[in-house]
Amino acid sequence: MANILTLIELTHAGAVAASAKGLLAAAASLGTPVAVVASDQELSPETTVQLGMAGAGVIYLGLGAQAVSVLTGPSVEALEAAVAAYEPSAVLVANSVDGREVAARLSVRVGGAMLNDAVSVRLDGGRVVAGHSIFGGAYDVESAVEGGLPIITVRQGAIDGAPANDGGGAVEIITVPLSGTVPGAQVTAVNDAPATHSRPELRTAKTVVSGGRGLGSKENFVLVEQLADALGAAIGASRAAVDAGYVDQHAQVGQTGVSVSPQLYIALGISGAIQHRAGMQTAKTIVAINKDGDSPIFDVADFGIVGDVFTVVPQLIEALAARAQ
Amino acid sequence: MKIVVLIKQVPDTAEERTLVPATGWLDRDAADNVVDEINERALEVALRVKDADKSTVIVVLSLGPDEATKAIRKALSMGADSGIHVLDGGLAGSDAARTAAVLAAALRGTNADVILAGNESTDGRGGVVPAMVAEHLGLPLVGGLNAVELGGGKVSGERSGDSGSLQVTAALPAVVTVTERTAEARFPNFKGILTAKRKPVATLSLADLGVAATPAHAVVLSHSERPAREAGRKIADDGTAATQLAGYLIENRLV
């Protein structure tokens, strides 16, 4: 079977990024997955086992101190060396802030072409085909590369990671030194985002509760948190709510924020500008509660309530709690 | 300091956007074409450098059809000094690799200290062209900055990542991309609109740039429009809406 490279991102603390499982599962559906990692130190036994369980038979490790002090360049170098060593039929990289910059540089280095923001991958007669969902889910598109190596960025959370059922985590590790030949910016400080609550991650959550300008203030936004906690949901927000400072920008759902496709999306006090709808209208079920009955959010809602979120939501939490009794 | 700002004309995100059925390419006639907002923010970053140091020269570079001239003129009316328009029928349907190779060729002649761009366009959302340009030019990419400091022969800033933020820096020349967290763009003033007409815009063709075809390219195999969502039940709250909603969620096994 053809080799498929995956770029495994590590956090600065050395933990495997959440995108790794999905990438390895996607790679396993196309061929033999090779996990490529740039790191400033040997991988811990836990990391090796973790990648093996996720489906990596081989870890190709680019080792060098610059892996943590230089942005993206070390990963480009590790991948370029792995492309030469494994002659893969595709390279899969997370569509993350770092991942797409790495993939872009690599594509120029190896003369490949990019398929961006894939939500699926499949083989079609030996050719790798990527599926995309564009304009906020308005179109499904399939694309492929002609004449060279496909380098594919995969939308985070779009492809589920399935545990590998063979190999049992046995992994061969190939280590190569990083020389630092790819230009990159220097990292001078790292500030981790504050640890979030025990709430699920927004991109992959089965239920999302989002708040908008209609919440009126940062203090009132706690209503969104209360409903989210009652439902075990992740918290989202419209750009208006983020711009108004009600909630951190990582929660922004929409055209310029995170795209989500949960089973249930509940929009509180969100009017539903097209840019917001672009990030959530592929949700399976949409519920909207808003005072203004003319809000465009109601055009896409399966269940819409024209009403005051401060009245309806506490009653809803109560009704759900009563059911749990 | 010389700053080249990459700008892209995109269909207005506030309108429905469509693909041309025959090719799967972007339908540029379906919605109003505007300068991508993220590029206007990148331009604003450059203009603030120029506000503080009048010797700064700002050039805007756009690759696109005839109509992209309007985007360039808008940038000039906001305060950029001159424009470069890469215009060639042979560029229709170019993928990111081709676009980046052509932009890099156009940039080689500019002697820029800084190449500024948005982190991703609102149409393609690939977020890869600036990094490809950086690779073609052998420059560092200082990407995804929420806040930018330019000066003293270097660029520094705060980059937001998936698990927090980083402080990053690089010596110039460099390619820099900004997020929508950076500067809110200014509106062109009357004087700017008047002077924009007299500012020079160079037009470059593929023959002028001599860019070789890239060895591989991305193609659209198929595309289909999903049926629009239909509105479902909509009720006005008469005091029972929450109970009805709870019933709906339970009935559909959503909670």
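The following paragraphs examine the structure supplied in this document. Small disclaimer: the values here were computed from a predicted structure and weren't measured.

Analysis parameters
Residues numbered from 1 in each chain as written. Chains lettered and ligands numbered in written order. Predicted model: local features only at pLDDT ≥ 70, side-chain atom pairs only at ≥ 80, totals over all residues. Heavy atoms only, no water. Helix = DSSP H or I, 4+ residues; strand = E, 2+ residues; numbered from the N terminus. Buried < 20%, exposed > 50% of the residue type's maximum accessible area, 1.4 Å probe, protein only. Contact = heavy atoms within 4.5 Å. Lys, Arg positive; Asp, Glu negative; His and termini not counted. Charge placed at Lys NZ, Arg CZ, Asp CG, Glu CD. Rg over C-alpha atoms; globule rule 2.2 N^0.38 Å. Pairing = 2+ DSSP bridges. Axes fitted to C-alpha atoms, helices over the stretch in contact; angles between N-to-C directions. Buried area = accessible area lost by both parts, 1.4 Å probe. Salt bridge = Lys/Arg side-chain N within 4 Å of Asp/Glu carboxyl O. Polar contact = N/O pair within 3.5 Å; in protein donor to acceptor, adjacent residues only side chain to side chain. Core = buried A, V, L, I, M, F, W, Y, C linked by side-chain atoms within 4.5 Å. Expected span 1.5 Å × (residues − 1). Arc of directions from axis to C-beta. 1 Å grid on protein atoms, 1.4 Å probe; cavity = no way out; pocket = protein on both sides within 12 Å on 5 of 7 lines; lining within 4 Å. Points joined across faces, edges and corners; volume = space filled by probe spheres on them. Nonpolar A, V, L, I, M, F, W, Y, C, P; charged D, E, K, R; others polar.

## Examining the overall build of chain B
For chain B, the count of helices and strands is seven helices and 13 strands. Dimensions along the principal axes, computed over C-alpha positions, put chain B at roughly 65 × 45 × 40 Å. Taken across its 255 residues, chain B has 52% of its residues classed as buried. The long-range share in chain B, meaning contacts at least 24 apart out of those at least 6 apart in sequence, stands at 70%. Here chain B contributes 27 positive and 32 negative side-chain charges, whose respective centroids are spaced 4 Å apart.

## Section: the overall build of chain A
Counting secondary structure elements, chain A contains ten helices and 16 strands. For 325 residues, the compact-globule estimate of 2.2 N^0.38 gives 20 Å, and chain A sits close to it at 22 Å. Based on the C-alpha atoms only, the size of chain A along its principal axes is roughly 60 × 45 × 40 Å. If you average the places of the 17 positive and of the 30 negative side-chain charges in chain A, the two averages end up 6 Å apart.

## Things to note about the sheet that holds strand E16 (residues 303–306) of chain A
Taken together, six strands build an open sheet; the order of strands is E13(A)-E12(A)-E14(A)-E15(A)-E16(A)-E13(B) and the sheet is parallel. Bordering the open sheet on either side are strand E13 (234–237) of chain A together with strand E13 (233–236) of chain B, each of which pairs with just one other strand. Averaged over all neighbouring strand pairs, the angle between strand axes comes to 15 degrees, with direction disregarded. The pairing of E16 of chain A with E13 of chain B spans four bridges and is classified as parallel. Bridged to Val 306 of chain A within E13 of chain B is Ala 236 of chain B. Packing of helix H7 (residues 241–251) of chain B onto the sheet brings it into contact with strand E14 (264–268), strand E15 (285–290) and E16 of chain A together with E13 of chain B, and relative to E16 of chain A it is tilted by some 170 degrees.

## With respect to the interface of chain A and chain B
Tallying the contact residues gives 95 residues for chain A and 79 residues for chain B. Summed over both partners, the interface of chain A with chain B comes to about 7,200 Å²; 53% of that surface belongs to carbon and sulfur atoms. When the buried surface of chain A facing chain B is broken down by residue, Phe 135, Tyr 139 and Phe 303 of chain A rank first, second and third, together holding 10% of it. In this structure, the connection of chain A to chain B is made through ten salt bridges. Arg 181 of chain B serves as the salt-bridge partner of Asp 243 of chain A, at 3.6 Å between the closest nitrogen and oxygen. Here chain A is connected to chain B by 42 residue pairs in polar contact (both at pLDDT 80 or more).

## A closer look at the nonpolar core
One finds Leu 5, Val 36, Leu 79 and Val 91 of chain A together with Leu 61 and Met 132 of chain B to be the most contacted residues of the largest nonpolar core, which totals 57 residues. With nine residues, helix H3 (residues 96–108) of chain B is the largest single contributor of residues to this core. Here Met 132 of chain B is in contact with Ala 104, Ser 107, Val 108 and Met 114 of chain A together with Ala 96, Ala 97 and Ala 100 of chain B, once residues within four sequence places are set aside.

## As for the side chain of Asp 95 of chain B
On the secondary structure map, Asp 95 of chain B appears in the loop between strand E5 (82–86) and H3. Buried and without a salt bridge, Asp 95 of chain B has Arg 98 of chain B as its closest oppositely charged side chain, separated by 6.7 Å. Reaching out from Asp 95 of chain B, the side chain makes a polar contact with the backbone nitrogen of Ala 218 of chain B at a distance of 2.9 Å. Aside from chain neighbours lying at most four places away, what touches Asp 95 of chain B is Ala 113 of chain A together with Ala 216, His 217 and Ala 218 of chain B.

## What about helix H10 (residues 309–324) of chain A?
The terminal C-alpha atoms of H10 of chain A lie 22 Å apart, and with 16 residues this matches the ideal 22 Å at 1.5 Å per residue to within 8%. Restricting attention to buried positions, one finds in H10 of chain A the residues Val 309, Val 312, Val 313, Leu 316 and Leu 320 of chain A. The buried residues of H10 of chain A occupy one face: seen down the axis, they fall within an arc of 95 degrees. Buried residues belonging to H10 of chain A abut helix H6 (222–231), E14, E15 and E16 of chain A together with H7 of chain B. The backbone nitrogen of Phe 310 of chain A lies 2.9 Å from a side-chain oxygen of the residue at the head of H10 of chain A, namely Asp 308 of chain A.

## Side note on the environment of Glu 318 of chain A
Residues and elements named next belong to chain A. Its place among the elements puts Glu 318 in helix H10. According to the relative accessible area criterion, Glu 318 is exposed, its value standing at 60%. Through-space distance from the C-alpha of Glu 318 to that of Ala 230 is 9.4 Å; in sequence the pair is 88 residues apart.

## Considering the pattern of salt bridges
Scanning the entire structure with this criterion turns up 26 salt bridges over all chains. Residue Asp 140 of chain A is joined to Arg 226 of chain B by a salt bridge in which the shortest nitrogen-to-oxygen separation is 2.8 Å. In this pair, Asp 140 of chain A sits in strand E8 (residues 139–146) while Arg 226 of chain B sits in the loop between strand E12 (217–225) and E13, so the two residues belong to two different chains. Classification of Arg 226 of chain B by relative accessible area gives partly exposed; the value is 33%. Residue Arg 186 of chain B is joined to Glu 44 of chain B by a salt bridge in which the shortest nitrogen-to-oxygen separation is 2.8 Å. Of this pair, Arg 186 of chain B sits in the loop between strand E10 (174–178) and helix H5 (190–196) while Glu 44 of chain B sits in helix H1 (residues 37–52), and the two are 142 residues apart along the sequence. Taking the relative accessible area as the measure of exposure, Glu 44 of chain B reaches 3% and is therefore buried. A cluster of three or more residues bridged by salt bridges with shared partners is formed by Arg 239 and Asp 243 of chain A together with Glu 37, Arg 41, Glu 180, Arg 181 and Glu 184 of chain B.

## What to know about the layout of surface pockets
Estimated volume of the second largest pocket: approximately 470 Å³. For the second largest pocket, the lining is made up of 22 residues, of which Phe 135, Ala 138 and Gln 281 of chain A together with Glu 16 and Ala 228 of chain B are closest to its centre. Listed by contribution, the elements that provide at least two residues to the lining of the second largest pocket are helix H8 (274–277) and helix H9 (297–300) of chain A. Along the lines of polarity and charge, the residues of the lining of the second largest pocket split into eight nonpolar, six polar and eight charged.

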